[in-house]
Amino acid sequence: GLGNAYRVADKLGAAEMALRRAAACAKKGTGNQKLVLHILYYWTAVLRDQRALPDSAEILELIIPYFHRMGDHETLRSALIGLGRVYEQGNEPEKAVVVILQALRLIVPDPESPRALLLAGMNALAVNLAGAEQFETARAVLANSRQLYRRSGKLNQYRLCWLEGKIEQGLGKSGASEAKFNTARLAFARVGKHYDSALVSLDLGLVYARQERHPELIWLVDDMV
């Protein structure tokens, strides 16, 4: 739990140390399989944030069947979404869509599924559909899940704006996409999420590059660096 809290706070070094200690304690203790699997699951999230994507994917692909056999559907759903995110960051949106749909088949019928988990799944599905250039389908998914974003916190509102920009860009609406990207980029920067702001800037940079707006593109690259 402590290791995951450090990860959420972007303290990846501290998260790694805490999870290593947890693994060592589990090894010296009962060696309970469920506990070890959960430690490994949290470890994959740290690896993902450290951009060690192949390692994260390999471990998730190994442990997901165990969660299924144990009937731990709560962790299984989260692990499938986590694997989808790894594929997404590894520029494999088609593979991401497959595993995210598997997670949503477990989430949607369950009335006790956390609203935040359903939002994470629907957002990841729309993002990867856009990544696979299925922009109309991504827009339809977004339209059906928009109410989930309400009262879901500022960061999710910024992610929604970023996603809308991606979809507008894919549909050839460069003016609308530029406005969305700029709004999301500045919003992330205001709350100290500079890495996310830089990622949005990459998408905005593509808009500038296609329009041959070289001065703005040069300024944006300097800002990202």
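In case you missed it, the structure is sitting above this.
Residues numbered from 1 in each chain as written. Predicted model: local features only at pLDDT ≥ 70, side-chain atom pairs only at ≥ 80, totals over all residues. Heavy atoms only, no water.

K.L.:
I'd love a proper account of the overall build of the chain, names of residues and values included.
P.N.:
A count of helical and extended segments in the chain gives 12 helices and 0 strands. Relative to a compact globule of 225 residues, whose C-alpha radius of gyration would be 17 Å, the chain shows 19 Å and is just as compact. Restricting the contact set of the chain to residue pairs at least 6 apart, pairs at least 24 apart contribute 51%. Entry remark: accessible area of the chain is about 12500 Å², with carbon and sulfur atoms responsible for 55%. (Helix = DSSP H or I, 4+ residues; strand = E, 2+ residues; numbered from the N terminus. Rg over C-alpha atoms; globule rule 2.2 N^0.38 Å. Contact = heavy atoms within 4.5 Å. Areas by Shrake-Rupley, 256 points an atom, 1.4 Å probe, with all protein chains shown as cover.)

K.L.:
Could you give an account of the packing of helix 8 (residues 135–149) against helix 9 (residues 154–170), naming the residues involved and the relevant values?
P.N.:
The N-to-C vectors of helix 8 and helix 9 enclose an angle of 160°; their axes lie 10 Å apart at closest approach. As the angle between them shows, helix 8 and helix 9 are arranged roughly antiparallel. The chirality of how helix 8 crosses helix 9 is left-handed. Residues F135, A138, R139, L142, R146 and Y149 of helix 8 lie in contact with helix 9, whose contacting residues are N156, Q157, L160, L163, E164, K166, I167 and G170. Looking at the contact of helix 8 with helix 9 residue by residue, the class counts come to 7 nonpolar, 3 polar and 4 charged. (Axes fitted to C-alpha atoms, helices over the stretch in contact; angles between N-to-C directions. Parallel < 35°, antiparallel > 145°, perpendicular 65-115°, else oblique. Left-handed = near helix turned anticlockwise from the far one by under 90°. Nonpolar A, V, L, I, M, F, W, Y, C, P; charged D, E, K, R; others polar.)

K.L.:
So what's going on with a nonpolar patch on the surface? Which residues, and what values?
P.N.:
On the surface, a cluster of nonpolar side chains totalling about 260 Å² of accessible area is made up of L62, Y66 and M70. Note on placement: M70 falls in helix 4 (residues 53–70). For M70, a relative accessible area of 34% gives the class partly exposed. (Patch = residues over 30% accessible without salt bridge, like charges linked within 9 Å, V, L, I, M, F, W, Y side chains within 5 Å. Salt bridge = Lys/Arg side-chain N within 4 Å of Asp/Glu carboxyl O. Buried < 20%, exposed > 50% of the residue type's maximum accessible area, 1.4 Å probe, protein only.)

K.L.:
Summarise helix 11 (residues 194–210); cite the residues concerned and give the values.
P.N.:
Over its 17 residues, helix 11 runs 24 Å from end to end, which matches the ideal 24 Å to within 8%, given 1.5 Å per residue. Residues of helix 11 that are buried: S197, A198, V200, S201, D203, L204, G205, V207 and Y208. The secondary structure elements touched by the buried residues of helix 11 are helix 9, helix 10 (174–190) and helix 12 (214–224). Downstream of helix 11 by a residue or two, E212 has a phi angle that is positive, lying close to 55°. (Expected span 1.5 Å × (residues − 1).)

K.L.:
Which residues make up the environment of R85, and what are the values?
P.N.:
The topology assignment puts R85 in helix 5 (residues 73–89). For the pair R85 and N32, spaced 53 residues apart in sequence, the C-alpha separation works out to 28 Å. If sequence neighbours within four positions are ignored, R85 has contacts with R48 and A120.

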